[in-house]
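Notes for the structure review
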Amino acid sequence: MINYSKCHSVLITGAGRGLGLQMVKQLAAAPERPKNIIATARNPDDAVELQKLAKSHQRIHVISLDITSDTSVDAAAQTVEFIVGADGLNCLINNAAVNISSDLNTVTRDVMMKTFESNTVAPLFVTKAFLPLLRGAAAQGSGMGIHRSAVINVSSVLGSVQLNWGEGASFKSYAYRASKCALNMVTRCLATDLEEEGILCVALHPGWVRTDMGGPMAPLSPEESISSLLNVISGLTKKDHGGYVDYTGSNLLW
Ligand SMILES: NC(=O)c1ccc[n+]([C@@H]2O[C@H](COP(=O)([O-])OP(=O)(O)OC[C@H]3O[C@@H](n4cnc5c(N)ncnc54)[C@H](OP(=O)(O)O)[C@@H]3O)[C@@H](O)[C@H]2O)c1
């Protein structure tokens with residue numbers, strides 16, 4: 001059961017399709033939903049399903065956000081400040097990412113840099129832009145979790161150094177694997193910096209899921225992955241702070 005009743009606001013990046021859209025769908029339908037669901041998309045006008053959802057449910061705010069553009073990030077932060085007001089922002093989910101094919105033959109400097117920009121650098125700078133709002137929420141609560149203030153970085157098991165061996169090494173991607181590994185380190189750095197302020201930071205792996213990124217052979221549907229993932233997120237506490245966890249709540253090897 002998804003229980004977000006104590007979480008006033010959740011912001012999701014990349015909510016126009018895939019897992020981000022599924023998060024918005026399930027949060028909006030939950031009986032114990034967050035008051036404000038802030039669904040961001042690079043091109044909101046193209047996100048037809050998201051727009052339909054926003055029309056049929058209360059307090060889904062669709063706003064424009066390209067995570068790689070400072071101008072867009074700053075404008076989004078201002079809009080969100082207006083939406084959440086003095087409550088601040090309880091939960092930021094850095095979900096948007098890219099996966100550009102890059103095995104040893106096809107990898108290029110450009111693909112490495114573009115992937116790092118979206119998957120590693122952007123989540124850090126999006127988090128920095130929303131920090132005043134996360135801090136505002138953190139100042140009003142106690143303990144750690146989404147009832148107070150949390151940064152959830154959607155990572156991948158493919159970012160694990162230890163698991164990139166044997167069978168675990170069958171998916172070849174220099175850019176994606178390295179970018180998610182670096183995102184894990186960014187998450188851990190944020191966790192050490194923000195612990196004192198009570199802002200929970202976690203890297204989460206959603207499983208291998210049938211989206212445009214995961215492809216049709218993936219074992220999990222978006223519904224299965226996200227119902228489990230949202231449940232895990234709602235139960236995160238201080239003991240999970242700085243962790244690397246999958247959609248079942250199990251810790252992953254770094
Ligand atoms: N699917 C899997 O099996 C799997 C496994 C492990 C981890 N993950 C992680 O889960 C997250 C969601 O993946 P997914 O499967 O939903 O991927 P997806 O179907 O490819 O969707 C990616 C989303 O990211 C958005 N995005 C990309 N670049 C952006 C930018 N610069 N600004 C704003 N939005 C941007 C896309 O928006 P546009 O529509 O505008 O392109 C889209 O909404 C990612 O972090 C991914 O790495 C997925």
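Above: the structure in question.
Everything in this summary refers to the structure shown in the same document. Every chain begins its residue count from 1, and numbering advances along the sequence as written. Only residues with pLDDT of at least 70 are given local features in this predicted model, and only at 80 or more are side-chain atom pairs given and counted; all residues enter the totals for whole chains, interfaces and linings.

Looking now at the overall build of the chain. When helices and strands are counted, the chain shows 6 helices and 7 strands. Segments assigned H or I by DSSP are reported as helices when at least four residues long, segments assigned E as strands when at least two residues long, and all are numbered from the N terminus. Of the regular secondary structure in the chain, the N- to C-terminal order runs β-α-β-α-β-α-β-α-β-α-β-α-β. Radius of gyration (C-alpha) of the chain: 17 Å, near the 18 Å computed for a compact globule of 254 residues. Principal-axis analysis of the C-alpha atoms gives the chain an extent of 50 × 40 × 35 Å. Once C-beta atoms are placed from the backbone, each residue is buried if 20 or more other C-beta atoms lie within 10 Å of its own, exposed if 12 or fewer, and partly exposed for counts between those two. Per-residue burial over the chain gives 47% buried out of 254 residues. Note on contacts: each residue gets a C-beta atom placed from the backbone, and two residues are in contact if those atoms are within 7 Å. Contacts spanning at least 24 positions in sequence make up 70% of the contacts within the chain whose residues lie at least 6 apart. Throughout, radius of gyration means the C-alpha value; the globule benchmark is 2.2 Å times the number of residues raised to the power 0.38.

In this section: the sheet that holds strand β1 (residues 9-12). The strands that make up a sheet pair up through hydrogen bonds in the backbone, lying either parallel or antiparallel. The 7 strands lie next to each other as β3-β2-β1-β4-β5-β6-β7, forming an open sheet whose pairing is parallel. Each edge of the open sheet is held by one strand with a lone partner, namely β3 (60-64) and β7 (244-246). Across this sheet, the average inter-strand angle for adjacent strands is 20 degrees, counted without regard to direction. Pairing between strands requires that DSSP locate at least two bridges from one strand to the other. In terms of strand pairing, β1 meets strand β4 (residues 91-94) through 3 bridges, oriented parallel. Looking at β4, one finds that valine 10 is bridged to cysteine 91. Only C-alpha atoms enter the line fits that serve as axes; for helices the fit covers just the stretch in contact. Angles between N-to-C directions range over 0 to 180 degrees.

Let us now look at the site of the ligand. For each residue, a C-beta atom is placed from the backbone, and the residue counts as near a molecule or strand when that atom lies within 6 Å of it. Surveying the vicinity of the ligand reveals 29 residues, the closest of which are Gly14, Gly18, Ala97, Thr211 and Gly214. The element best represented in the shell around the ligand is helix α1 (residues 18-29), accounting for 3 residues. Counted by class, the shell around the ligand contains 12 nonpolar, 13 polar and 4 charged residues. Ten residues, namely Ala, Val, Leu, Ile, Met, Phe, Trp, Tyr, Cys and Pro, are considered nonpolar, four, namely Asp, Glu, Lys and Arg, are considered charged, and the remaining ones, Gly among them, are considered polar.

Relative to the elements of secondary structure, lysine 35 occurs in the loop between α1 and β2 (36-41). For the pair formed by lysine 35 and serine 227, sequence separation is 192 residues and the distance between their alpha carbons is 18 Å. Residues within four places of lysine 35 in sequence aside, it is in contact with His8, Ser9 and Arg59.

Here the focus is the environment of lysine 114. Locating lysine 114 in the fold gives a position in helix α4 (residues 109-138). The class of lysine 114 is partly exposed, set by 17 C-beta atoms lying within 10 Å.

Another aspect to go through is the pairing of β3. The sheet contact formed by β2 and β3 spans 5 bridges and is parallel. Note on β3: the bridge partner recorded for alanine 39 is valine 62. Crossover handedness is defined here as right-handed if the route from the first strand over the helix to the second strand goes clockwise, with the strands pointing away from the viewer. Crossover β2 to β3 through helix α2 (residues 48-56) is right-handed.

It is worth spelling out the nonpolar core at this point. Think of a nonpolar core as buried Ala, Val, Leu, Ile, Met, Phe, Trp, Tyr and Cys residues chained together by C-beta atoms that fall within 7 Å. Counting 67 residues, the largest nonpolar core has Val10, Val24, Ala39, Leu134 and Ile152 as its most contacted members. With 9 residues, α4 is the largest single contributor of residues to this core.

What follows concerns the packing of α1 against helix α6 (residues 222-234). Look at α1 against α6: their axes get within 9 Å of each other, and the N-to-C directions meet at 65 degrees. Note on packing geometry: the crossing formed by α1 with α6 is right-handed. Packed against α1, whose contacting residues are Leu19, Gln22, Met23, Gln26 and Leu27, the element α6 presents Pro222, Glu223, Ser225, Ile226, Ser227 and Leu230 at the interface. Its residues assigned to classes, the contact of α1 with α6 shows 6 nonpolar, 4 polar and 1 charged. Handedness of a helix crossing follows the sense of rotation of the near helix relative to the far helix, less than a right angle counterclockwise being left-handed and clockwise being right-handed.

In contact at an axis separation of 10 Å, helix α3 (residues 70-84) and α4 are set at 30 degrees when each is read in the N-to-C sense. Classed by the angle they form, the pair α3 and α4 counts as roughly parallel. In terms of crossing hand, the pair formed by α3 and α4 is right-handed. Residue-level inspection shows Val73, Asp74, Ala77, Val80, Glu81 and Val84 of α3 in contact with α4, the latter providing Phe125, Val126, Ala129, Phe130 and Leu133. In terms of residue class, the contact of α3 with α4 is built from 9 nonpolar, no polar and 2 charged. Put simply, angles under 35 degrees are roughly parallel, angles over 145 are roughly antiparallel, angles from 65 to 115 are roughly perpendicular, and the rest are oblique.

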